[in-house]
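Chains, contacts and geometry: an overview
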Amino acid sequence: MKKLIFPLVTAAMVVGSATSVFAYSEKNLEAPKAADVTIDGDLSEWDTSKSLVINSENQIIDQIEHWDGEADCSMELSAMWDEENLYIAMKISDDTPLVYREGFPLDELDAIILFLSTNPDADPERTEYEATDWRLVQSADMYKDDFDFFNYIDRDMIADNQGWETQGEYGDEMVFDDYEAAIAQVEGGIVWESKIPLHNLSNDAIQQLVPEAGKTIGFDFSVLDVDLPCPGIHSLRMQSSANLDGKDRTPEAYAVDTNPSLWGTLTFVE
Ligand SMILES: [Ca+2]
Ligand SMILES: [Ca+2]
Ligand SMILES: [Ca+2]
């Protein structure tokens, strides 16, 4: 019997290395513990040195022909945490920011999509969403100097969503309770500071994520840009974890909306 051990070990190693390319991308965001965050659009209390950026052609996953460079669409994202909340700060460069139209699906407008798992023990190699995998489309509308915030939580790709159903898909809705956000207009774009209470991503069957220094979760984000909304026009879409070559880009070819193993990660640190 002993002779069999070596071939088996070798076979396991080969399988392991062959599948490892499907386990979360190397993009890791470190999120420091939050202290005295004020949601006001001013990031002076943030340590943004650990941010991740979307600013290269390699990160475009849809409508590559509509990207005119970093001033047209790019972003930088930072995160912080406490036991109850995830804080997200974004600097978004867009020549025509905050394009919003009532009644349009949020992911055909200017929007951000956050992807995260609320299960730190989830298998990084899973290729299908589980009930603890979340796709959060965030959008905002400017009216005079005021901002309205909207979101859409897409659960349609989850076989067993544990009773947390898709919400906000028709737009003009803020699905989360106690969501806080502020936008500041800056030259070339906007700064968007926000607080997402984690109880929103739970129910009787889905345990609430409690961040803790040292824990890592699946995480990713994308930026959508449209500069003139018309029915049927899809936004340019860029994804933090993507690193693609060639000009033929479709969301189906980089399927972060259905395959969490393509995501990067987020690590909670002190
Ligand atoms: Ca602030
Ligand atoms: Ca733009
Ligand atoms: Ca835009």
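Below, the structure is looked at part by part. Please read these numbers as outputs of a predicted model, since none were measured by experiment.

So, about unusual backbone geometry. Apart from glycine, the bulk of residues carry a negative phi angle, and the bulk of peptide bonds sit in the trans form. A positive phi angle is found at Tyr24, which is not glycine, with a value near 30°. Tracing the backbone shows Tyr24 in the loop between helix 1 (2-19) and strand 1 (28-31). Under the relative-accessibility criterion, Tyr24 is labelled buried at 15%.

This paragraph deals with the pairing of strand 4 (residues 74-81). On a regular strand, one side chain projects to one face of the sheet and the next to the other, so that they alternate. Burial analysis of strand 4 places 7 of its 8 residues in the buried class, the great majority of the element. In the sheet, strand 2 (residues 52-54) pairs with strand 4 via 3 bridges, with the strands oriented antiparallel. From the neighbouring strand, Val53 faces strand 4, where its bridge partner is Glu76. Sheet topology note: the strand 4/strand 5 (residues 85-93) ladder contains 8 bridges and is antiparallel. Bridging across to strand 5, Ser78 finds its partner in Ala89. The antiparallel pairing of strand 4 with strand 5 creates a hairpin that spans 3 residues between the two strands.

To continue, consider the coordination of the calcium ion (ligand 3). Taken together, the protein donors to the calcium ion (ligand 3) comprise Asp94 (OD), Asp94 (OD), Thr96 (O), Asp110 (OD), Asp110 (OD), Asp225 (OD), Val226 (O) and Asp227 (OD), at separations of 2.3 to 3.0 Å. Mapping the donors of the calcium ion (ligand 3) onto the primary sequence gives the spacing D-x1-T-x13-D-x114-D-V-D. Here the calcium ion (ligand 3) and the calcium ion (ligand 2) are spaced 3.8 Å apart, with Asp94 acting as a shared donor. Its relative accessible area of 6% is what places Asp94 among the buried residues. Judged by its relative accessible area of 30%, Thr96 is partly exposed.

This part covers the coordination of the calcium ion (ligand 2). In this structure, Asp72 (O), Asp72 (OD), Asp94 (OD), Asp95 (OD), Asp225 (OD), Asp225 (OD), Asp227 (OD) and Asp227 (OD) serve as the protein donors to the calcium ion (ligand 2), at separations of 2.2 to 2.9 Å. Read in sequence order, the donor residues for the calcium ion (ligand 2) give the motif D-x21-D-D-x129-D-x1-D. In this structure Asp227 comes out as partly exposed when scored by relative accessible area, which is 29%.

Cut-offs and rules
Residues numbered from 1 in each chain as written. Chains lettered and ligands numbered in written order. Predicted model: local features only at pLDDT ≥ 70, side-chain atom pairs only at ≥ 80, totals over all residues. Heavy atoms only, no water. Helix = DSSP H or I, 4+ residues; strand = E, 2+ residues; numbered from the N terminus. Buried < 20%, exposed > 50% of the residue type's maximum accessible area, 1.4 Å probe, protein only. Pairing = 2+ DSSP bridges. Donors = N, O, S within 2.8 Å, 3.2 Å for Na, K, Ca; no water.

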